Each structure stands twice: as C-alpha cells, then as structure tokens.
Amino acid sequence: MTTPIEQRYATNPAQIPGMTTQELRDAYLIPEVFDPGEIRLTYTHHDRIVLGGATPAGGVLELGGYAEIRSDYFLEHRELGIVNVGGAGTVTADGEVYELVNGACLYLGRGIRDVSFAGDTAQFYLFSAPAHTAYPAALVSPGEGTVRELGDQETSNRRTLNQYIHENGIRSCQIVMGVTQLHPGSMWNTMPAHTHDRRTECYLYFDVPEDARVIHLLGEREETRHLVVADRQAIISPSWSLHSGVGTAAYSFVWAMAGENQTFDDMDAAPVTELR
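Residues numbered from 1 in each chain as written. Predicted model: local features only at pLDDT ≥ 70, side-chain atom pairs only at ≥ 80, totals over all residues. Heavy atoms only, no water.

**So, the packing of aromatic side chains**
(1) Moving on: Enumeration over the complete set of coordinates arrives at eight aromatic pairs.
(2) Moving on: Note on F117 and F124: the rings are 5.3 Å apart at their centroids and 40° apart in plane angle, and the pair reads as tilted.
(3) Moving on: Clustering of aromatic rings is evident, with ring pairs tying together Y203, Y205, Y251 and F253. (Phe/Tyr/Trp six-rings, centres within 6.5 Å; stacked < 30°, edge-to-face > 60°.)

**Structural notes on unusual backbone geometry**
(1) Moving on: With phi around 55°, D47 is a residue other than glycine that occupies positive phi space.
(2) Moving on: On the basis of relative accessibility, which here comes to 30%, the residue D47 falls in the partly exposed class. (Buried < 20%, exposed > 50% of the residue type's maximum accessible area, 1.4 Å probe, protein only.)

**Details of the sheet that holds strand β18 (residues 214–220)**
One key point about sheets: their strands pair by backbone hydrogen bonds, in either a parallel or an antiparallel sense.
(1) Moving on: With respect to topology, three strands assemble into an open sheet ordered β19-β18-β21, the strand pairing being antiparallel. In this open sheet, the two edge strands, each paired with only one partner strand, are β19 (223–229) and β21 (244–247). Pairs of neighbouring strands in the sheet enclose a mean axial angle of 25°, with direction left out of account.
(2) Moving on: Sheet topology note: the β18/β21 ladder contains four bridges and is antiparallel. (Pairing = 2+ DSSP bridges. Helix = DSSP H or I, 4+ residues; strand = E, 2+ residues; numbered from the N terminus. Axes fitted to C-alpha atoms, helices over the stretch in contact; angles between N-to-C directions.)

**Points about the pattern of salt bridges**
(1) Moving on: Tallying each qualifying case throughout the model produces seven salt bridges.
(2) Moving on: One salt bridge connects R8 with E6, and the closest N-O pair in it is separated by 2.9 Å.
(3) Moving on: Between E274 and R221 there is a salt bridge, and its shortest N-O distance comes to 2.8 Å. Placement of the pair is E274 in the segment after β23 (268–270) and R221 in the loop between β18 and β19, with a sequence separation of 53 residues. (Salt bridge = Lys/Arg side-chain N within 4 Å of Asp/Glu carboxyl O.)

Rendered as structure tokens:
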C-alpha cells in the first residue's frame, strides 16, 4: 500500500523562538517512518527532499509516481538512497534484484522506472533528491564504504562513521549518505555541533533501546531548542540549523544530505561555549 506524501513546508530561524514543543515536532520530527505493509513518505521543501520508509512485511511494495512530485514514476527526475535498518530484504530495480542485509546501502539513479521492495522483516529507509542526470545503481555492504573512526571515549562520542554515497564513493547528483554507530558508553553523535549552510541534512535514529531516547539539538547557536526522539524516528535539519544529539544509551543513525555540494567536511562548527 502507498499513502500520499506528507508535505512539510520550509521554515526559517525567526520562527523558532515562538514555536511550542508540538510545533517544533510538527515541523522537524517524522515520528512514524515505518508502517507494516506501507510506503510512507514526507516531502520537505528544504532542498525538495523526500524521505521515508518502505516496510514490506512479507509482501511486495511498489514505488510508483506521486502527484506531489508531478512524476509518472518516482525516479523520473529524482535519485534515491536506501539503507536497510531491518532484517534482510530485496530491492528490485528495472528487473535487477539487489539483496540488502541490515546496514546495507543501495543507490538508484534517475530514470529507473520500476522499483519494488520485499522482505519479511526488512525496513528500508528512503532518501531522495532531485537529479539532473543519471548515475548507475550501486550496492555497498555494511562496513565496506569509507570508514572513519571519530571521537573519544573520554568525551562520550566515540563512533564509527560509514560513508556510502559521497564524492569518493558511490556517485550521485547531490545525495550524500551514510551510517554512524556509537560505541558502547558513548552518547553524543556530534560535539561540537555544526551546520551545513549549503545543505539540508536528515537523520534517522535507530537501534535506540525501547526505554531510551535521543535529545536532538536544533536551531541557531544563539537560540537552540531540542526534540526528544525515539527509535526509528527521523529529523529534518534545515541548512541554517545546527544539529547534534545525545542519547540515554548508545544508538545508530542514518545521515543523509542534499544541496549545494557533496563535500562532506563543508560544515561550520558551533562550539559548545557559543550555544545558548
């Protein structure tokens, strides 16, 4: 089953001070990414990103066209990054079958007409952006991308970052995508926080224990706010918003960006001493 795409309109920093907790959640949190037997998508007008989840639950789900993006088929003028955060499953693209284990990443380029998802316990996280040309489909197994070890146990932010879709890995028009896993005893995903003034970034938090939560920071450095995020919930972080998070236990997250460039280290740090 395919549900209509939910629309999220663009926001600006001047709105943050007057927003209630619920208004912040309505603007930046996607609480239900995965629903058994459905493809659920959200369209944010920040860099015209579409993100969501496909949960086949033993059936087959087809990714078709949507009126909201004025397409006869989903990848008519878009590209798509997929990370499986559930059990093993398959993605079929124009007859080519790709097997995705937990943590695997698949890129599908512009022009692929028929895309379907299958698997009993698979949960496919989807991140899509407009594309001006076609790059070939590519699959990378977990841990086989560009691996970066970051942080330190003493500052509670030791983590393994896997870059999958990026300028020196799987090629794309504008998507940059990967997975970060925090080590046991570490809770901060980024500190100091930073912004990507030329890109929108979205997080999908997963492997968050049922009785744990992630406190996700957002807003400008002089006017920060936070969201309390549970397992398999997603965050939209506009280019002007800093992003960082701390959990009550270790967790993992899929990070994905689209916008002006694909330079991973194009970021502006927001030292903790400057945060308010």
